[in-house]
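Descriptive analysis of the structure
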Amino acid sequence: MNEPALKVPPGQAFRIAFECEQLIRRFALRNDAGDHDALAEMFVEDGSFARPTAPDAPVRGREAIRALFRDRPRRFTRHLMLNTVIDALSPGRARATSYVALYSADAGVDTAAQAPPYPASGPHLLGGFDDELVQVEGRWLFLSRRGSLALRIG
Amino acid sequence: MNEPALKVPPGQAFRIAFECEQLIRRFALRNDAGDHDALAEMFVEDGSFARPTAPDAPVRGREAIRALFRDRPRRFTRHLMLNTVIDALSPGRARATSYVALYSADAGVDTAAQAPPYPASGPHLLGGFDDELVQVEGRWLFLSRRGSLALRIG
Amino acid sequence: MNEPALKVPPGQAFRIAFECEQLIRRFALRNDAGDHDALAEMFVEDGSFARPTAPDAPVRGREAIRALFRDRPRRFTRHLMLNTVIDALSPGRARATSYVALYSADAGVDTAAQAPPYPASGPHLLGGFDDELVQVEGRWLFLSRRGSLALRIG
């Protein structure tokens, strides 16, 4: 949470920050859409991902990450990304910290048979993500995402 | 939710994204302030708006949108905009997707007689907006906003 | 909530907005981290801060702000910053408005002895911040932050 060291010209730093924040938000949207292939493609080949519920048990490698998202039980969720701050470490490397709020539809909701809004009685979760990002062929990707938990709401 | 096609130079794309996100946030603030004239002025003359509660019943035309906001029952609300991602389609055209969380004060709260914070027992709503935006005389405006609902919280 | 007056070239306005929003978010992160020294350093020497619970009783001066944050009862909190809109008034001066959602762990939670997520039964608060910002030696700082309350949730 220190100020970014000035290894990157300010004019470049905020473009990097913008592109990384868009990546972080798209990850949340694709997670809610259940698009596990798109999620996996947002990591480098040997990237790692630790879910907020298991911060110390990262899954390593794009294919393992794809399988993690593909094989978990399907829920209707909304991940809200908040307070993202980004340090551009070099023109091709950045670090980001975000909060995440997770709202899930109640177990047993049948989204095929019912119309939204779906009931979400809670509890809901508030946590965070610490990310390392790297630019590959002009595109920002996750090197690692480490989730964590903070509050159980309601 | 695909990556933006590169029809816009990156240096321009993120300025467009910034300006469009500010517009989306100002819409929420003006909505909460009950400023229906300012809301209407954020649409092009033949713009369309579909409320999250009626995604398939868009209201068409700036004057009809003004009337919609002016004539609805007044409530004390807070609209929170989240996860906005923006695709710059051309230097004067963009598409945006956002989540929105809506918190409303309880019915019967008298904001003239009581001091905030006002009780908001819920349920609260989580939904989204899909927007088409266009630049007119240097200013971004909504061509269309289509709301939708996702979760009923609490 | 009016459109920014064009006293700043658009290419500069959005860089100012980006830097100010990052400051606003870092303030929230440092507040949750209990880092009162870092919070105080984000104000100019004679800056002022009014908490959302006491919008009309601002604390004046960096040292008084440091003491305010240092001496208050410690709680485990998550401040979420939302809907930030920024008007660049000049190359070195800006005004910002944000919403803030405040979630606090229940009284009596022992964060040293328990693992997160910590229970947060509520009620939770939704309010806002109106900020004046100034650039000093290339760095944005708060001239004043004035909090306010809007809703008590749950």
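Computed from a predicted model, the values in this text were never measured in an experiment. Numbers given to residues run from 1 along each chain, matching the order in which its sequence is written. The lettering of chains begins at A and the numbering of ligands begins at 1, in the order of writing. pLDDT decides what is reported in this predicted model: residues at 70 or higher carry local features, side-chain atom pairs at 80 or more are listed and counted, and totals for whole chains, interfaces and linings draw on all residues regardless. Note: side-chain values were computed over all heavy atoms of the structure, leaving out hydrogens and water.

1. A look at the interface of chain B and chain C
Here, residues are in contact when the closest pair of their heavy atoms is within 4.5 Å. Taken together, the contact pairs 27 residues of chain B with 27 residues of chain C. Counting the surface lost from both chain B and chain C, the interface buries some 2500 Å², and carbon and sulfur atoms represent 62% of this. Throughout, buried area stands for the accessible area (probe radius 1.4 Å) lost by two parts on being put together, summed over both. Of all residues in chain B, B:Arg25, B:Arg26 and B:Leu29 give up the largest surface area on contact with chain C, accounting jointly for 27% of the area buried on that side. Salt bridge, as used here, is a side-chain nitrogen of Lys or Arg placed within 4 Å of a carboxyl oxygen of Asp or Glu. At the boundary of chain B and chain C, one finds two salt bridges. Put simply, B:Arg25 and C:Glu21 hold a salt bridge, and the shortest N to O gap is 3.1 Å. As used in this structure description, the phrase polar contact means that two N or O atoms lie within 3.5 Å; if the pair is within protein, one of them must be able to donate a hydrogen and the other to accept it, and residues adjacent in sequence are counted only when both atoms belong to side chains. Linking chain B with chain C are 13 residue pairs in polar contact (both at pLDDT 80 or more).

2. Details of the pairing of strand 7 (residues 139–153) of chain A
In the sheet, strand 1 (residues 43–50) of chain A pairs with strand 7 of chain A via four bridges, with the strands oriented parallel. Following the sheet pairing, A:Ser48 is matched in strand 7 of chain A by A:Ser144. With 13 bridges joining them, strand 6 (residues 124–136) of chain A and strand 7 of chain A adopt antiparallel strand pairing. Residue pairing in the sheet places A:Val134 in a bridge with A:Leu141 of strand 7 of chain A. Here a strand pair is declared whenever DSSP counts at least two bridges between the two strands. To qualify as a helix, a DSSP run of H or I must reach at least 4 residues; to qualify as a strand, a run of E must reach at least 2; elements of each kind are numbered from the N terminus. In sequence, strand 6 of chain A turns back onto strand 7 of chain A through a hairpin of two residues, with A:Glu137 there showing a positive phi of about 50°. Judged from the three bridges that link them, strand 7 of chain A and strand 5 (residues 118–120) of chain C form a sheet pairing that is parallel. For A:Arg152, the partnering residue across the bridge sits in strand 5 of chain C and is C:Pro119.

3. Brief notes about the interface of chain A and chain C
Taken together, the contacts link 27 residues of chain A with 27 residues of chain C. The contact between chain A and chain C buries some 2500 Å² in all, and 62% of this surface belongs to carbon and sulfur atoms. Those elements that provide at least two residues to the side of chain A that touches chain C are helix 1 (10–32), strand 3 (77–90), strand 4 (93–104), strand 6 and strand 7 of chain A. When residues are sorted by character, Ala, Val, Leu, Ile, Met, Phe, Trp, Tyr, Cys and Pro go into the nonpolar class, Asp, Glu, Lys and Arg into the charged class, and all the rest, Gly among them, into the polar class. Grouping the constituent residues of the side of chain A that touches chain C by class yields 16 nonpolar, six polar and five charged.

4. Let's talk about the packing of aromatic side chains
The pairing test for Phe, Tyr and Trp rings, Trp by its six-membered ring, is centres within 6.5 Å, and the orientation test on the planes gives stacked under 30 degrees, edge-to-face over 60, and tilted for anything in between. Throughout the structure, instances matching the rule amount to 33 aromatic pairs over all chains. Cluster of aromatic residues (ring-pair linked, three or more members): A:Phe14, A:Phe18, B:Phe14, B:Phe18, C:Phe14 and C:Phe18. Both a distance and an angle decide whether a charge sits over a ring: NZ of Lys or CZ of Arg must be within 6 Å of the ring centre and within 35 degrees of the ring normal. Its end group placed over the ring of B:Phe27, B:Arg145 keeps NZ or CZ at 4.6 Å from the ring centre. For the cation-ring pair, C:Arg145 lies above C:Phe129, with the distance from its terminal atom to the ring centre recorded as 4.2 Å.

5. Observations regarding the relation of the copies chain A and chain C
In screw terms, the move from chain A to chain C is a rotation of 120° and a rise of 0.0 Å along the axis, fitting with an RMSD of 0.0 Å. What the rotation and shift describe, once combined, is the action of a three-fold rotation axis. In this assembly the copies use different faces: only 15% of the residues contributing to the interface of chain A also contribute to that of chain C. Superposing the copies works by least squares over the C-alpha atoms of residues that have pLDDT at least 70 in both of them.

6. Some points on the relation of the copies chain B and chain C
Expressed as a screw operation, the relation of chain B to chain C combines 0.0 Å of axial shift with a rotation of 120°, fitting to an RMSD of 0.0 Å. Looking at the interface residues of chain B, only 15% of them are also at the interface in chain C, so each copy uses its own face.

7. Here's the deal with helix 1 of chain A
A helix is expected to span 1.5 Å multiplied by its residue count minus one. Its 23 residues place the ends of helix 1 of chain A 33 Å apart at the C-alpha level, agreeing with the 33 Å of an ideal helix rising 1.5 Å per residue. Of the residues one or two after helix 1 of chain A, A:Gly34 is the one with positive phi, at around 70°.

8. Thoughts on the confidence of the model for chain A
A low pLDDT score tells you not to read the predicted coordinates there in detail. As a per-residue measure, pLDDT tells how confident the predictor is, with possible values from 0 to 100. Confidence in the prediction of chain A, expressed as mean pLDDT, is 94, and 96% of residues score 70 or more. Reported for the predicted complex are a pTM of 0.95 and an ipTM of 0.94.

9. What to know about the packing of helix 1 of chain A against helix 1 (residues 10–32) of chain C
Angles shown run from 0 to 180 degrees and are taken between the N-to-C directions of axes, each axis being a line fitted to C-alpha atoms and, for helices, limited to the stretch in contact. The geometry of helix 1 of chain A relative to helix 1 of chain C is characterised by a closest axis approach of 10 Å and an angle of 60° between their N-to-C directions. Here helix 1 of chain A lies oblique to helix 1 of chain C, going by the angle between them. Every pair of crossing elements has a handedness; the one defined by helix 1 of chain A and helix 1 of chain C is left-handed. Contact residues: A:Pro10, A:Gly11, A:Phe14, A:Ala17, A:Glu21 and A:Arg25 in helix 1 of chain A; C:Phe14, C:Arg15, C:Phe18 and C:Arg25 in helix 1 of chain C. Here the contact of helix 1 of chain A with helix 1 of chain C is built from residues that sort into five nonpolar, one polar and four charged. Geometric relationships in this document are graded by angle, where less than 35 degrees denotes roughly parallel, more than 145 denotes roughly antiparallel, 65 to 115 denotes roughly perpendicular, and other angles denote oblique. Should the near helix be turned anticlockwise from the far one by less than a right angle, the crossing is left-handed, and should it be turned clockwise, the crossing is right-handed.

10. A word on the pairing of strand 1 (residues 43–50) of chain C
Residues and elements named next belong to chain C. Most of strand 1 is tucked away, with six of its eight residues classed as buried. Of the strand pairs in this sheet, strand 1 and strand 2 (residues 59–60) are connected by two bridges, and their pairing is antiparallel. In the sheet register, Ser48 faces strand 2, and the bridge partner there is Arg60. The cut-offs for exposure are 20% and 50% of the maximum accessible area for each residue type, with area from a 1.4 Å probe on protein chains only; residues under the lower value are buried, those over the upper are exposed, and the others partly exposed.

11. Overview of the side chain of A:Arg26
Mapped onto the elements, A:Arg26 comes out in helix 1. A polar contact of 2.8 Å, which involves the side chain of A:Arg26, links it to the side chain of B:Asp87.

12. What about unusual backbone geometry?
Omega for the bond connecting C:Pro116 with C:Pro117 falls within 30 degrees of zero, at 5°, which places this linkage in the cis form. Inspection of the secondary structure puts C:Pro117 in the loop between strand 4 (93–104) and strand 5. For B:Asn83, which is not glycine, the phi torsion reads 60° and is therefore positive. With respect to the helices and strands, the residue B:Asn83 is situated in strand 3 (residues 77–90).

13. So, the nonpolar core
A:Tyr103, A:Leu151, B:Tyr103, B:Leu151, C:Tyr103 and C:Leu151 are the most contacted members of the largest nonpolar core, which totals 42 residues. With sequence-adjacent residues up to four places away left out, A:Tyr103 is seen in contact with A:Phe76, A:Thr77, A:Arg78, A:Leu80, A:His124, B:Tyr103, B:Leu126, B:Leu151, B:Ile153 and C:Tyr103. Among buried residues, those of type Ala, Val, Leu, Ile, Met, Phe, Trp, Tyr and Cys that are joined through side-chain atoms within 4.5 Å constitute a nonpolar core. Judged by nonpolar contacts, the second largest core, of 28 residues, contains A:Ile16, A:Leu23, A:Phe27 and A:Val100.

14. Describing the pattern of salt bridges
Applying the stated rule across the entire model yields 41 salt bridges over all chains. C:Glu19 serves as the salt-bridge partner of C:Arg15, at 3.3 Å between the closest nitrogen and oxygen. Taken together, the residues span about one helical turn, with C:Arg15 and C:Glu19 both in helix 1 at a distance of four residues. According to the relative accessible area criterion, C:Glu19 is partly exposed, its value standing at 22%. Through salt bridges that share partners, A:Glu21, A:Arg25, B:Glu21, B:Arg25, C:Glu21 and C:Arg25 make up one connected network.

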